[in-house]
Amino acid sequence: MPEKPHSFNLKEAFKTGLENNAEDDGFLKEEWNLRPQRLKECIGQKQVIESLDIAIRAAKKRKEPLDHILFQGPPGLGKTTLANIVAKEMEGRIHHTSGPALEKGGDLVSILTSVEIGEVLFIDEIHRIPKIVEELLCPAMEDFAVDIIFDKGANARAYRSRLEWFTLIGATTRPGLLSRPLRERFGIVRELTFYSVKEITQIVKRSAAILQVVIDDMGAQEISRRSRGTPRVANHLLKRVRDYTQVKEDGKIKKPVASAALQLEGVDTEGLTILDRRFLEVIINYYKGGPVGIEAIAATLQEESETLEELVEPFLLKKGYLIRTSSGRRATEKAFAHLNILPQTGFFSDRTFI
Ligand code: ADP
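Residues numbered from 1 in each chain as written. Predicted model: local features only at pLDDT ≥ 70, side-chain atom pairs only at ≥ 80, totals over all residues. Heavy atoms only, no water.

Draft legend 1. Examining the overall build of the protein chain more closely. In terms of helices and strands, the protein chain carries 15 helices and 11 strands. Residues classed as buried in the protein chain amount to 51% of the 354 residues present. In the protein chain, of all internal contacts separated by at least 6 residues, the share reaching a separation of at least 24 is 68%. Within the structure as shown, the protein chain displays about 18100 Å² of accessible surface, and the carbon and sulfur contribution to it stands at 49%. (Helix = DSSP H or I, 4+ residues; strand = E, 2+ residues; numbered from the N terminus. Buried < 20%, exposed > 50% of the residue type's maximum accessible area, 1.4 Å probe, protein only. Contact = heavy atoms within 4.5 Å. Areas by Shrake-Rupley, 256 points an atom, 1.4 Å probe, with all protein chains shown as cover.)

What follows is the structure in structure tokens.
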């Protein structure tokens, strides 16, 4: 009897914050080990890596800290990894925090005052810092100082505390939500894009070697084709295929066993997960192919629109299953074909896609 696919959970696979606890837990340590440690170990993102290499070497030559850097792009593409690498290449410590963790100005001030010269402060999900924290962060980035206000009203007094010359590295999956003043304070802005199948195949092979898993070229390619161009997904799927192979086969990953394991995970041949397919099915079946707003799709799926915008949409847009028009999301002909759903006659010919 064929085994029923269970859902490969995109949200599970994208859980972040691993670095903070990397020493505490074996599983997290394994994740940590898969991260490249140096620029030369990085696969893909060639232009980004090359430009960082030049900026780092120039800063070292001048014996100056690096400009502030903003990494933007969908989750799992290597923003945190690159922040860690930059700190390592600059031979400095890295302090990790995130937008939602910085609730009050004091949270930021206590981190900033502990950062030493040339060190890196990494703020993940920087688009989520509250306005009040941003108002402290902007001058800290520009003038390397923070104004601390004591007392309120007529008794209020400001005290300027000088900071060491540090490098801020911000990571965001939603660059559009960053305010202009904050954005303008980054000297280096780099966009990470989805990796090619060839690059992800290399990443799968590298991870397999670290995990001491035997895999052949076709097996690695099969995992890569279904990994949404995303290293984090590739590593996650590799581990699921490893489990399957160890239980059902001789432990060596080849193409057929990778296909069977990933089918069981609910990941199809194009890398679409159950959530991706449900997303497209909602547009097609409930809203006649669209256009439909993201909130309506989220309500029907009982998911948060933010999750859909960050985890689901970028890949569907990139692969041409979805388009965004001025009036909402629309499923494309490719989406109908992939899901084996016949569009009504004239469905595509009488609509303009803008
Ligand atoms: P993000 O911060 O963008 O969500 P991460 O930096 O956490 O992504 O990367 C997710 C995982 O992908 C890491 O654990 C790492 O193992 C892997 N990874 C990221 N970039 C690369 C790369 N260039 N080469 C190999 N593996 C990578």
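Draft legend 2. Just the packing of aromatic side chains, in detail. Within this structure, the stated rule accounts for three aromatic pairs. With 5.4 Å between their ring centres and 85° between their planes, Phe144 and Phe166 make a pair best called edge-to-face. Taken together, the residues Phe144 in the loop between helix H6 (131-143) and strand E4 (145-150) and Phe166 in the loop between strand E5 (157-162) and strand E6 (167-172) connect sequence positions 22 residues apart. Relative to Phe315, the ring of Phe194 has its centre 6.1 Å away and its plane inclined at 75°; by these criteria the two rings are edge-to-face. (Phe/Tyr/Trp six-rings, centres within 6.5 Å; stacked < 30°, edge-to-face > 60°.)

Draft legend 3. Structural context of the site of the ligand. Around the ligand, a shell composed of 17 residues is seen, among which Gly76, Lys79, Thr80, Thr81 and Arg232 lie nearest. Taking Leu34, its main chain carries an N or O atom lying 3.3 Å from an oxygen atom of the ligand. In the complex, 97% of the free accessible area of the ligand, which totals 560 Å², lies under the protein chains. Broken down by secondary-structure element, the contributors of at least two residues to the shell around the ligand are helix H4 (79-89) and helix H10 (231-248). (Near = heavy atom within 4 Å. Polar contact = N/O pair within 3.5 Å; in protein donor to acceptor, adjacent residues only side chain to side chain.)

Draft legend 4. Just the packing of H10 against helix H11 (residues 255-264), in detail. Packing of H10 against H11 brings their axes to within 9 Å, and their N-to-C directions diverge by 110°. As summarised for this structure, H10 and H11 are arranged roughly perpendicular, according to the angle between their axes. Here H10 contributes Leu237, Val241, Tyr244 and Thr245 to the contact with H11, which in turn contributes Val257, Ala258, Ala260, Ala261, Leu262 and Leu264. Among the residues forming the contact of H10 with H11, the class breakdown is nine nonpolar, one polar and no charged. (Axes fitted to C-alpha atoms, helices over the stretch in contact; angles between N-to-C directions. Parallel < 35°, antiparallel > 145°, perpendicular 65-115°, else oblique. Nonpolar A, V, L, I, M, F, W, Y, C, P; charged D, E, K, R; others polar.)

Draft legend 5. Up close: the sheet that holds strand E2 (residues 94-98). With respect to topology, five strands assemble into an open sheet ordered E2-E3-E6-E1-E7, the strand pairing being parallel. Sheet topology places E2 and strand E7 (188-191) at the edges, where each strand pairs with a single neighbour. Averaged over all pairs of adjacent strands, the angle between strand axes in this sheet comes to 15°, irrespective of strand direction. Looking at chain direction, strand E1 (residues 69-72) and E6 are connected through four bridges and run parallel. Looking across to E6, one finds that Ile69 is bridged to Ile169. (Pairing = 2+ DSSP bridges.)

Draft legend 6. Fine view of the pairing of E6. Burial of E6 is extensive: six of the six residues sit out of reach of the surface. Side chains Thr167, Ile169 and Ala171 project from E6 onto one buried face, and the interleaved Leu168, Gly170 and Thr172 project onto a second face that is buried too. Sheet topology places strand E3 (residues 120-124) next to E6; four bridges connect them, and they run parallel. For Phe122, the partnering residue across the bridge sits in E6 and is Ile169.

Draft legend 7. Layout of helix H8 (residues 197-211). The first and last C-alpha atoms of H8 sit 21 Å apart over 15 residues, in line with the 21 Å expected at 1.5 Å per residue. Within H8 the residues assigned to the buried category are Ile200, Thr201, Ile203, Val204, Arg206, Ser207, Ala208 and Leu211. Just beyond H8, the residue with positive phi is Gln212, at close to 60°. (Expected span 1.5 Å × (residues − 1).)

Draft legend 8. Quick peek at the pattern of salt bridges. The full count for this structure, using the stated rule, is 23 salt bridges. The partner of Arg57 in a salt bridge is Asp53, and the shortest N-O contact between them spans 3.0 Å. Here the residue Arg57 and the residue Asp53 both occupy positions in helix H3 (residues 46-62), the gap between them amounting to four residues, near one helical turn. For the salt bridge of Arg329 with Glu313, the shortest nitrogen-to-oxygen distance reads 2.7 Å. Pair noted here: Arg329 is in strand E11 (residues 328-331) and Glu313 is in helix H14 (residues 305-318), with a separation of 16 residues, a long-range link. Across this residue pair, the class does not change: Arg329 and Glu313 are buried. The network of salt bridges with shared partners includes Arg174, Glu309, Glu313, Arg324 and Arg329. (Salt bridge = Lys/Arg side-chain N within 4 Å of Asp/Glu carboxyl O.)

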